[in-house]
Amino acid sequence: MGIMNYKLKDKATMTLKQAKYLPAIYLMGVIVLSVVFTTGCKNKSNNISVQTEDFTKMEGYIFSENYAYLINFEKNSIAAKVKLPPKIKDFYVTGDNIFLTGDYLMQLSKGKFNRIATLTKDFKQVCKTDKDIYILNKTKIKAIKSGFTIPLSEEPIKFSVEFDKIWVLDKNGVSVYKLPGESGEDTKENQRIPVDGATDFMLAPYGIRVYVAKQGFIDVFDTQNFTLITHIPIKGIPHKILFSATTDKIYCITEVDASTNEAMIYMINRSLNKVENILRIDNVKDFSLSQNGSYGMILTDSLSTDEPGAIHILNTETNKIINKIAITVNDITTSVGDSRIYCLTPTELVYIPALSALGEKTNELEPTFRIKVDGGKKIIIMPRVDNKVENVDDKFFVLQIDVEKDSINYVKGLLQKNCYPIWGCQFANDYKLRIGFFRTREDADLFEKRVRTIIKNPIEIVKTQAESSKVVGMDIRDLNQNGLSDAAIQEDGKDIIIFEIQNGIYTEIYRCSKDEPTYNGDPAFTNVPDGSSTKLAIRTPMLNGKNSIIEFSVKEEAADKKDGLFMERIE
């Protein structure tokens, strides 16, 4: 029977920072054997994104009971075989790092196992950031480098370290802690999100929404003031929730119903907080997304001992199953650009070209290649490698700001105070701050004029390839309460344009004219009567019957009525 009996540490293998985000999802199931595959099918799913990849720069490992195998993706072979240290119990991926756990926490780096810390029997999860390594136990969280600890009042299920905060899930909700300063002092709980019967949680891109799953609902909270925004109704007990930045959807898989043997997979429009589709599938073991989230992989157990299990391929754009592959595996993942689906059985690793799996349905499938392994348990492909991508759109623009080394934090603070996502780039000894990304130079010009009113530093507009993972979390304005940050910009003193940051890109979503007001969707644009028709506002509904209003006010002395400014107020 397909009972999802994962241990908690298996569910919490990686942090949720995926979204900023283009997350890499790894499946940690425990499964069985047998293989059958295909090649040569035409891709009929035109809206699925698959990149052309340079496999010479990709890094991946297969783990068995006794060995770690380094994969040569170009030659489809084993490049190296390293004996594992004794008493290894599990493998964890956090960002670009692989950790092994047992009596000790060990990090795999360049084929060597470096001992980081001694682990206790109540160890649950590890998480690494740029500044520290954090260990979750049943009673506390400990930072390895800085040494600070957080005592826990409830037994934790999982945690993540994101947006300068630590988020800890337990059965009664989510606790939020601010990261301490450099002194290494202990920190206390700063905020509590109460949710009785919580089973999983995730953070939205930029950290402005937290989604907490429980029986019957996914609760959506605003992380600015931790107020409840809405309930998304679901049936059953959620097993886990995850996010695709490609489709901006949330996926929730429920536990298998003992009476029907079915699990349900919910596909939720994150902007509308609305369920788009529900799949009911027998004997589900787990659900995983490809690394860029453009397709999903549902693993099911076999219905009898004479049949293999199956991988059901989900088109995340159409919410439909487009193929079923007869194979039982121990682990499954995709290459960095999603062009290959890698399946690990107890005896071998095989892959199928994604375009074949995403094309027309096929009954007979043959292996593309085989790598023999001894007792294969897990495959890990690193999410952020120097990978050549031939079809990535590089026609994006950023504002690049010259800044002196001793004034970096001051300039950052001014811009972040005005709700701009700021990130830095190092060029030799020269440091730049950047704002973006923008689809057109015209969009960047609009923001440059606004930024020049805040700072006097030299600014230039440069073209670059978009990397949404660089866009940082911040305090933002979410005018239409859909979980994405918004900005209001003036164009020639006449039009008000609302931009929304979608997957790191400033995207125009609303525009209205001061002279000829228009009404476009919800929220609505509306006049603000003041006797001279010199004000225009975007009115958006908020909680408790209040409205968020952005006004453009023309200065009385302005002869051409173009010299004005935008103000935001709540009424």
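Just so we're clear, the structure is a prediction, and the values are computed from it rather than from any experiment. (Residues numbered from 1 in each chain as written. Predicted model: local features only at pLDDT ≥ 70, side-chain atom pairs only at ≥ 80, totals over all residues. Heavy atoms only, no water.)

S.K.: Is there a simple way to think about the overall build of the protein in this case?
M.R.: Scanning the protein from terminus to terminus reveals four helices and 43 strands. A fraction of 51% describes how many contacts in the protein between residues 6 or more apart in sequence connect residues 24 or more apart. A total accessible area of about 25600 Å² is found for the protein, and carbon and sulfur atoms account for 46% of it. (Helix = DSSP H or I, 4+ residues; strand = E, 2+ residues; numbered from the N terminus. Contact = heavy atoms within 4.5 Å. Areas by Shrake-Rupley, 256 points an atom, 1.4 Å probe, with all protein chains shown as cover.)

S.K.: Explain the pattern of salt bridges here, please?
M.R.: Should their charged atoms come close, side chains of opposite charge can pair. A complete count under the given rule lists 13 salt bridges for this structure. A salt bridge links Arg-192 to Asp-170; the shortest N-O distance between them is 2.9 Å. Linking Arg-192 in strand E15 (residues 191-194) with Asp-170 in strand E13 (residues 165-170), this pair joins segments that are 22 residues apart in sequence. With a relative accessible area of 4%, Asp-170 lands in the buried category. For Arg-209, the salt bridge is made with Asp-222, and the minimal N-O distance between the two is 3.7 Å. You can see Arg-209 sitting in strand E17 (residues 209-214) and its partner Asp-222 sitting in strand E18 (residues 217-222), a full 13 residues away along the chain. (Salt bridge = Lys/Arg side-chain N within 4 Å of Asp/Glu carboxyl O. Buried < 20%, exposed > 50% of the residue type's maximum accessible area, 1.4 Å probe, protein only.)

S.K.: I'm lost on unusual backbone geometry in this one. Help?
M.R.: The general pattern is negative phi for most residues beyond glycine and trans for most peptide bonds. Between Gly-436 and Phe-437 the backbone carries a cis peptide bond, its omega angle lying at 20 degrees. Inspection of the secondary structure puts Phe-437 in strand E35 (residues 430-438). One non-glycine residue, Phe-163, lies in the positive phi region at around 55 degrees. Structurally, Phe-163 is set in the loop between strand E12 (156-162) and E13. Look at Phe-163 and you get buried, because its relative accessible area is 16%.

S.K.: Whenever I open this one, the side chain of Thr-94 confuses me. Can you help?
M.R.: Its place among the elements puts Thr-94 in strand E4 (residues 90-94). Polar contacts involving the side chain of Thr-94 include one to the main-chain amide nitrogen of Lys-128, which spans 3.3 Å. (Polar contact = N/O pair within 3.5 Å; in protein donor to acceptor, adjacent residues only side chain to side chain.)

S.K.: I tried to follow the sheet that holds strand E2 (residues 67-72) on my own but got confused; where do I start?
M.R.: Hydrogen bonds along the backbone pair up the strands of a sheet, which may run parallel or antiparallel. What the four strands build is an open sheet, ordered E3-E2-E1-E32; its pairing is antiparallel. In the strand order of this sheet, the two ends are held by strand E3 (77-83) and strand E32 (378-381), each with one partner. Each neighbouring strand pair of the sheet contributes to a mean axis angle of 25 degrees, computed without reference to strand direction. As defined by bridge partners, strand E1 (residues 60-63) adjoins E2 across three bridges and the pair is classed as antiparallel. Bridging across to E2, Phe-63 finds its partner in Ala-68. (Pairing = 2+ DSSP bridges. Axes fitted to C-alpha atoms, helices over the stretch in contact; angles between N-to-C directions.)

S.K.: Explain the nonpolar core here, please?
M.R.: Membership of the largest hydrophobic core comes to 25 residues, with the highest contact counts inside it found for Leu-399, Leu-415, Tyr-420, Ile-435, Phe-447 and Tyr-506. Of all the elements in the fold, those that place two or more residues in this core are strand E33 (396-402), helix H3 (408-417), E35, helix H4 (441-452), strand E36 (459-464), strand E37 (486-491) and strand E38 (495-502). The element that contributes the greatest number of residues to this core is H4, accounting for four residues. (Core = buried A, V, L, I, M, F, W, Y, C linked by side-chain atoms within 4.5 Å.)

S.K.: Mind showing me how you'd approach the environment of Asp-103 here?
M.R.: Checked against the element boundaries, Asp-103 lands in the loop between strand E5 (97-101) and strand E6 (104-109). Put simply, Asp-103 and Lys-121 are 18 residues apart on the chain and 8.1 Å apart in space, counted from C-alpha to C-alpha. With residues near it in sequence (within four places) discarded, Asp-103 still touches Lys-87, Thr-118 and Leu-119.

S.K.: Explain the sheet that holds strand E25 (residues 295-300) to me, please; I cannot follow it from the model alone.
M.R.: If you walk across this open sheet you meet the four strands as E24-E25-E26-E27, and the pairing is antiparallel. Edge strands, defined here as strands with exactly one partner in the open sheet, are strand E24 (284-289) and strand E27 (320-326). Going from strand to strand, the sheet's axes swing by 20 degrees on average, the running direction of each strand aside. Taken together, the five bridges between E24 and E25 define a ladder with antiparallel strand orientation. By the bridge assignment, Leu-289 is partnered in E25 with Gly-296.

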